[in-house]
There are 2 protein chains.
Amino acid sequence: MQKLSVVVTALLLLSSLVYSQEKHEAHKETARQILDAALGEMKGYKILGELCEMGPRLSGSDNSIKAIRWAENKMHELGFDRVELQPVMVPHWVRGPVESLTVSSGAEKGRKLAITALGRSIGTKEEGITAGVIEVKTLEELRNIGDKALGKIVFLNGQFDPTVTNTFSGYGRAVTHRALGAIETGKAGGVATLIRSVTTRYDNVPHTGSMRPYAAAIKKVPGAALGQIDADYLSKAIKKDPNLKLTLKLSCKTLPDAQSYNVIADLIGTEKPDEYVLVSGHFDSWDVGDGAHDDAAGCIQALEALEIFKRLNIRPKRTLRCVFFMNEENGIKGALEYARVTEEKGINHIAAIESDRGAFTPRGFSVDADSAIIAQMQPWLPILRMASIDWVRKGGSGVDVGQLRTAVSRIGFVPDSQRYFDYHHSANDVYEAVHPREFEMGAAAITILAYLLTEEGLQY
Amino acid sequence: MQKLSVVVTALLLLSSLVYSQEKHEAHKETARQILDAALGEMKGYKILGELCEMGPRLSGSDNSIKAIRWAENKMHELGFDRVELQPVMVPHWVRGPVESLTVSSGAEKGRKLAITALGRSIGTKEEGITAGVIEVKTLEELRNIGDKALGKIVFLNGQFDPTVTNTFSGYGRAVTHRALGAIETGKAGGVATLIRSVTTRYDNVPHTGSMRPYAAAIKKVPGAALGQIDADYLSKAIKKDPNLKLTLKLSCKTLPDAQSYNVIADLIGTEKPDEYVLVSGHFDSWDVGDGAHDDAAGCIQALEALEIFKRLNIRPKRTLRCVFFMNEENGIKGALEYARVTEEKGINHIAAIESDRGAFTPRGFSVDADSAIIAQMQPWLPILRMASIDWVRKGGSGVDVGQLRTAVSRIGFVPDSQRYFDYHHSANDVYEAVHPREFEMGAAAITILAYLLTEEGLQY
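Please read all numbers here as calculations on a predicted model, not as lab measurements.

Considering the overall build of chain A
- Helix and strand counts for chain A come out as 14 helices and 16 strands.
- Over its C-alpha trace chain A gives a radius of gyration of 24 Å, about what one expects of a compact globule, namely 23 Å for 460 residues.
- For chain A, the spread of C-alpha atoms along the principal axes amounts to about 75 × 50 × 40 Å.
- Burial status across chain A gives 55% buried among its 460 residues.
- Within chain A, contacts between residues separated by at least 24 positions form 83% of all contacts whose residues are at least 6 apart in sequence.

Next up, the structure:
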């Protein structure tokens with residue numbers, strides 16, 4: 001640790017030689033104006049309201065296309081220099097109208113449990129799957145279950161570890177059940193998989209999300225998530241009656257890939273138009289709730305960055321680009337296509353910033369780049385701190401900008417993580433769950449970093 | 001800045017000489033256990049629920065005494081080494097049953113507006129005060145109003161500046177209207193003062209809080225706060241009809257001082273029992289809502305620090321003391337009495353930590369102490385970071401521990417500030433507004449700092 005401190009300090013002193021106090025004060029003044037614009041007028045928050053009112057934006061859905069058109073119009077209306085729809089084919093999974101899990105034996109026969117089908121799941125036949133249930137706590141347990149899961153519904157009752165401080169780490173561990181439950185159930189000869197919703201909130205709202213694609217050689221079985229309260233109910237009910245039967249009906253299915261688009265807008269740089277600073281979110285969402293935190297908010301924070309430049313009449317020295325990536329949730333096809341075109345055209349991204357961890361109060365920026373690049377950002381910390389950013393450090397960036405391997409730096413906006421998984425992938429994720437000040441503080445933090453990057457660039 | 005960095009680095013290196021890597025790792029392990037205890041079991045959050053269910057705890061109220069008895073019992077029940085009620089006389093202001101503001105002229109005659117009397121306000125005569133209204137934006141404007149406020153209700157329609165990042169700074173500026181409005185109105189010959197509620201949330205729930213004591217030579221006039229929506233309504237209504245009349249009825253009054261108590265519990269130190277590390281909150285609240293964030297949460301976080309020591313079987317080397325201060329909201333009599341007794345008895349507090357900024361995600365600790373003292377805490381940062389603490393720096397501490405001038409260090413726990421004034425002093429401040437994880441993360445941060453202080457002490 002101490003050695004590292006010395007190196008960082010040395011790099012910091014070095015950087016300070018090329019970055020004068022005068023410039024620093026001028027940038028601080030601009031940062032102040034950016035904060036005033038964001039927090040004072042809440043324009044982005046109002047635009048977020050318009051978007052959320054349109055409902056969810058699952059890849060391939062009519063509503064996602066409607067929202068893409070709205071975004072294109074909005075970018076034109078805001079007067080950005082260039083607006084482009086970048087075509088991309090995306091997976092087209094649909095939930096369909098039928099989704100139910102019913103107790104079908106014993107005293108509580110007929111009781112409905114709260115579920116949501118998992119993305120990529122196959123449906124059931126029309127009369128559903130009626131079977132006994134076996135509960136396991138871990139994938140390990142399921143892998144070693146022998147023949148006990150044969151013909152059964154497997155209930156993967158894993159917990160989101162509440163003791164992990166950063167909920168994204170807790171999520172990373174818990175989500176393997178959602179990702180792999182159906183595959184492992186298929187291997188074990190089960191007929192369907194149910195998981196406890198992967199969430200930090202105790203209520204009965206089920207949380208959806210992707211399963212990993214079915215493996216070719218393994219029997220495909222459907223997968224769904226239970227609300228936490230009903231997961232507890234089911235666990236107790238099986239203990240009382242080990243022969244309990246459930247009936248699962250799902251009408252979800254995967255249609256042929258659909259035409260979709262990344263949405264791109266630019267403010268063209270006045271001095272180095274071929275150096276790009278990208279701000280982004282992903283525009284698709286799950287089909288429950290409005291995908292407000294995940295990730296309408298990230299998109300509109302990126303949009304507001306450009307809008308604030310316009311509002312304050314700041315002409316960026318380098319090109320400031322806003323991208324709404326399509327299909328982050330179940331395919332990443334938008335980001336992959338954007339990366340492909342980037343490489344084909346040799347577009348030079350000096351930084352690609354993504355906001356996809358909810359619109360909570362800013363904490364830091366996590367930068368995937370060489371340490372010498374990250375050291376160049378440290379002198380900006382007193383400015384970023386004005387927008388509640390306490391650190392800029394090496395780490396992962398985001399699912400979409402992470403595909404941009406040619407970028408000089410990939411940067412994840414890191415807000416506070418405690419509430420995100422209360423809402424994530426569920427009907428709880430609506431406009432009202434986004435706090436106006438926290439949203440705008442995030443927009444300001446991203447705008448200030450984008451401003452510093454377009455002004456100062458990076459030595460690479 | 002650079003010079004300061006060098007000094008801080010030097011102090012940091014110096015401190016590291018007396019603080020071995022081995023100890024550091026052992027402390028990290030204990031911190032991990034503290035986090036597991038807090039976040040895994042949520043025991044403090046459940047105790048907070050018990051307290052909030054009892055309702056608000058305004059100084060001098062029967063309910064505050066009931067809650068004090070509950071706290072005393074709870075501390076005994078948890079098996080702390082010493083439990084003490086420290087007597088203190090406190091102001092006894094009561095709201096009484098009548099509180100209304102009614103439009104009493106024009107087309108909307110009879111319309112009720114949402115208000116709450118301000119602490120220390122006198123009441124009106126039974127038939128109320130009926131008068132015209134004059135709106136001002138600032139105290140400055142009111143001070144220069146000449147004779148225009150004579151016989152009028154003065155409506156101080158000031159804004160909580162939304163562009164200030166730290167809401168406590170925004171509050172500090174806006175709250176002068178609440179503190180001084182009635183006094184300045186009295187000076188100007190007005191008959192009552194109405195302020196726009198001092199809050200970051202746009203709804204119609206009015207926010208109470210203290211006025212400064214009336215000045216002897218100036219006419220006493222009552223003061224109340226309007227909900228934000230009705231403040232907007234009133235402003236428009238006056239513009240439409242400058243002769244609009246309102247009727248204000250308040251039954252609030254100040255009774256003779258009442259007997260109350262600070263509640264104190266100790267875990268006695270095994271090596272240096274005469275060195276105290278104090279953790280605290282204030283136990284009184286306003287009489288609307290449950291005072292959940294302000295400051296039941298701070299008290300129970302302090303209580304949980306001792307409880308976690310007990311649960312994990314950690315015997316502190318120095319005495320760990322929990323104090324629930326009484327009467328922070330309208331007199332600070334509890335803290336003043338505690339400080340008086342401290343000086344009288346020569347009690348040596350090496351640190352006095354206060355949590356009174358809401359139970360949101362931890363950001364830092366603000367330390368009121370000599371820089372050499374604060375430098376000794378810097379090597380602990382990697383440990384504190386486990387509980388979401390990004391910094392320990394020089395700054396103000398808290399209203400109560402701020403009275404302890406003889407303490408080696410006074411420390412304010414600083415959680416994220418964005419939501420606090422949404423709830424503060426209003427009916428919004430209830431148990432449900434406290435997020436379980438954020439509350440427990442704060443409890444863990446305070447417990448870890450208290451642990452490090454009791455283990456390592458401070459060189460002073």
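And the narrative resumes.
A word on the confidence of the model for chain A
- Across chain A, pLDDT averages 96, with 96% of residues at or above 70.
- Scoring of the predicted complex yields 0.94 for pTM and 0.92 for ipTM.

Points about the relation of the copies chain A and chain B
- For the pair chain A and chain B, the relating rotation is 180°, the translation along its axis is 0.0 Å, and the fit reaches an RMSD of 0.0 Å. This pairing of chains is accounted for by a two-fold axis. Considering only C-alpha atoms, the residue of chain A closest to the rotation axis is A:Asp390, which sits at 3.4 Å.
- In this assembly, 100% of the residues forming the interface of chain A have copies in chain B that are likewise at the interface, indicating an isologous arrangement.

Description of the sheet that holds strand S2 (residues 99-103) of chain B
Residues and elements named next belong to chain B.
- If you trace the 8 strands from one edge of the open sheet to the other, you get S3-S2-S9-S5-S6-S7-S8-S4, paired in mixed fashion. Here the strands that pair on one side only, and so sit at the sheet edges, are strand S3 (112-113) and strand S4 (115-117).
- Bridge count between strand S5 (residues 129-136) and strand S9 (residues 245-250): 4 bridges; the pairing is antiparallel. Bridge pairing in S9 places Gly132 opposite Lys245.

A look at the interface of chain A and chain B
- Counting from both sides, the interface comprises 22 residues of chain A and, opposite them, 22 residues of chain B.
- Mapped onto the side of chain A that touches chain B, the elements with two or more residues apiece are helix H2 (21-41) and helix H14 (436-456) of chain A.
- When residues of the side of chain A that touches chain B are assigned to their parent elements, the largest contribution, 4 residues, is made by H2(A).

Concerning the packing of helix H3 (residues 43-53) of chain A against H14(A)
Residue and element names in this part refer to chain A.
- In the contact formed by H3 and H14, the axes pass within 9 Å of each other and the chain directions differ by 110°. As summarised for this structure, H3 and H14 are arranged roughly perpendicular, according to the angle between their axes. The handedness of the crossing between H3 and H14 is right-handed. For the pair H3 and H14, contact is made by Gly44, Tyr45 and Leu48 and by Pro436, Phe439, Glu440 and Ala443, respectively.
- Taken together, the residues of the contact of H3 with H14 sort by class into 5 nonpolar, 1 polar and 1 charged.

Some remarks on the environment of A:Ser197
Residue and element names in this part refer to chain A.
- Relative to the assigned elements, Ser197 resides in the loop between strand S7 (192-196) and strand S8 (223-226).
- In this structure the C-alpha to C-alpha distance between Ser197 and Leu142, which are 55 residues apart in sequence, comes to 18 Å.
- Contacts of Ser197, omitting those with residues within four sequence positions, involve Pro206, His207, Ala225, Leu226, Gly227 and Gln228.

Description of the sheet that holds strand S11 (residues 272-282) of chain A
Residue and element names in this part refer to chain A.
- The sheet built from 8 strands is open, its strands ordered S1-S10-S12-S11-S13-S16-S14-S15 with mixed pairing. Of all the strands in the sheet, just strand S1 (82-94) and strand S15 (391-394) have a single pairing partner and so form its edges. Neighbour-to-neighbour, the strand axes of the sheet open up by a mean angle of 20°, direction not taken into account.
- Helix-sheet contacts for helix H4 (residues 62-77) involve S1, strand S10 (253-267) and strand S12 (318-325), and the interaxial angle to S10 is about 5°.
- Docked against the sheet, helix H9 (residues 292-311) engages S10, S11 and S12, running at close to 150° with respect to S11.

Some points on the domain arrangement of chain A
All names here are of chain A.
- According to the domain assignment, chain A consists of domain 1 (17-93 + 256-456) and domain 2 (96-251).
- On a C-alpha basis, the centroid separation for the pair domain 1 and domain 2 is 34 Å.
- In this assembly, 16 residues from domain 1 lie in contact with 16 residues from domain 2.
- Considered class by class, the residues forming the side of domain 1 that touches domain 2 number 6 nonpolar, 7 polar and 3 charged.

Examining helix H6 (residues 167-174) of chain B
Residues and elements named next belong to chain B.
- Turning to H6, its buried residues are Thr167, Gly170, Tyr171 and Ala174. The buried residues of H6 all sit within an arc of 100° when viewed along its axis, so they share a single face. Facing away from the buried surface of H6 by more than 90 degrees, the exposed residues are Ser169 and Gly172.
- In this fold, the buried residues of H6 make contact with helix H7 (176-187) and helix H13 (420-423).

Description of the environment of B:Leu306
Residues and elements named next belong to chain B.
- For Leu306, the location among the structural elements is in helix H9 (residues 292-311).
- For the pair Leu306 and Asp284, spaced 22 residues apart in sequence, the C-alpha separation works out to 20 Å.
- Those residues within four positions of Leu306 in sequence are excluded, and the remaining contacts are Phe80, Ala265, Leu267, Leu320 and Cys322.

Re the packing of helix H2 (residues 21-41) of chain B against helix H14 (residues 436-456) of chain B
All names here are of chain B.
- As a packed pair, H2 and H14 sit with axes 9 Å apart at the nearest point and diverge in direction by 150°. Taken together, the axes of H2 and H14 lie roughly antiparallel to each other. The chirality of how H2 crosses H14 is right-handed. Between H2, through His27, Thr30, Ala31, Ile34, Leu35, Ala38 and Leu39, and H14, the contact on the second element is made entirely by Arg437, Glu440, Met441, Ala443, Ala444, Thr447, Ile448, Tyr451, Leu452 and Glu455.
- Along the lines of polarity and charge, the residues of the contact of H2 with H14 split into 11 nonpolar, 3 polar and 3 charged.

Digging into the pairing of strand S16 (residues 410-415) of chain B
All names here are of chain B.
- Within S16, 6 of the 6 residues are buried, leaving the element largely enclosed by the surrounding structure.
- In this sheet, S16 lies alongside strand S13 (residues 348-354) in parallel orientation, the contact comprising 3 bridges. In the strand pairing of S16, Glu354 is matched with Gly412.
- As judged from the 6 bridges shared by strand S14 (residues 362-368) and S16, these two strands associate in the antiparallel manner. Bridge pairing links Gly364 to Val414 in S16.

Section: unusual backbone geometry
Residues and elements named next belong to chain A.
- Residue Asp294 is joined to Asp295 through a cis peptide bond whose omega torsion reads 5°.
- Relative to the elements of secondary structure, Asp295 occurs in helix H9.
- In this structure, Asn327 is a non-glycine residue whose phi angle is positive, near 75°.
- Residue placement: Asn327 occurs in the loop between S12 and helix H10 (333-345).
- On the basis of neighbour count, Asn327 is assigned to the buried category, with 28 C-beta atoms found within 10 Å.

A short note on helix H8 (residues 228-240) of chain B
All names here are of chain B.
- Between its first and last C-alpha, H8 extends 19 Å over 13 residues, near the 18 Å set by a 1.5 Å rise per residue.
- Among all positions of H8, only Gln228, Asp230, Ala231, Leu234 and Ala237 are buried.
- Contact partners of the buried residues in H8: S3, strand S6 (153-156), strand S7 (192-196) and strand S8 (223-226).

So, how was this worked out
Residues numbered from 1 in each chain as written. Chains lettered and ligands numbered in written order. Predicted model: local features only at pLDDT ≥ 70, side-chain atom pairs only at ≥ 80, totals over all residues. Helix = DSSP H or I, 4+ residues; strand = E, 2+ residues; numbered from the N terminus. Rg over C-alpha atoms; globule rule 2.2 N^0.38 Å. Buried ≥ 20, exposed ≤ 12 C-beta atoms within 10 Å, placed from the backbone. Contact = placed C-beta atoms within 7 Å. pLDDT = per-residue confidence, 0-100. Least-squares fit on C-alpha atoms with pLDDT ≥ 70 in both. Pairing = 2+ DSSP bridges. Axes fitted to C-alpha atoms, helices over the stretch in contact; angles between N-to-C directions. Parallel < 35°, antiparallel > 145°, perpendicular 65-115°, else oblique. Left-handed = near helix turned anticlockwise from the far one by under 90°. Nonpolar A, V, L, I, M, F, W, Y, C, P; charged D, E, K, R; others polar. Domains from an automatic or database assignment. Arc of directions from axis to C-beta. Expected span 1.5 Å × (residues − 1).

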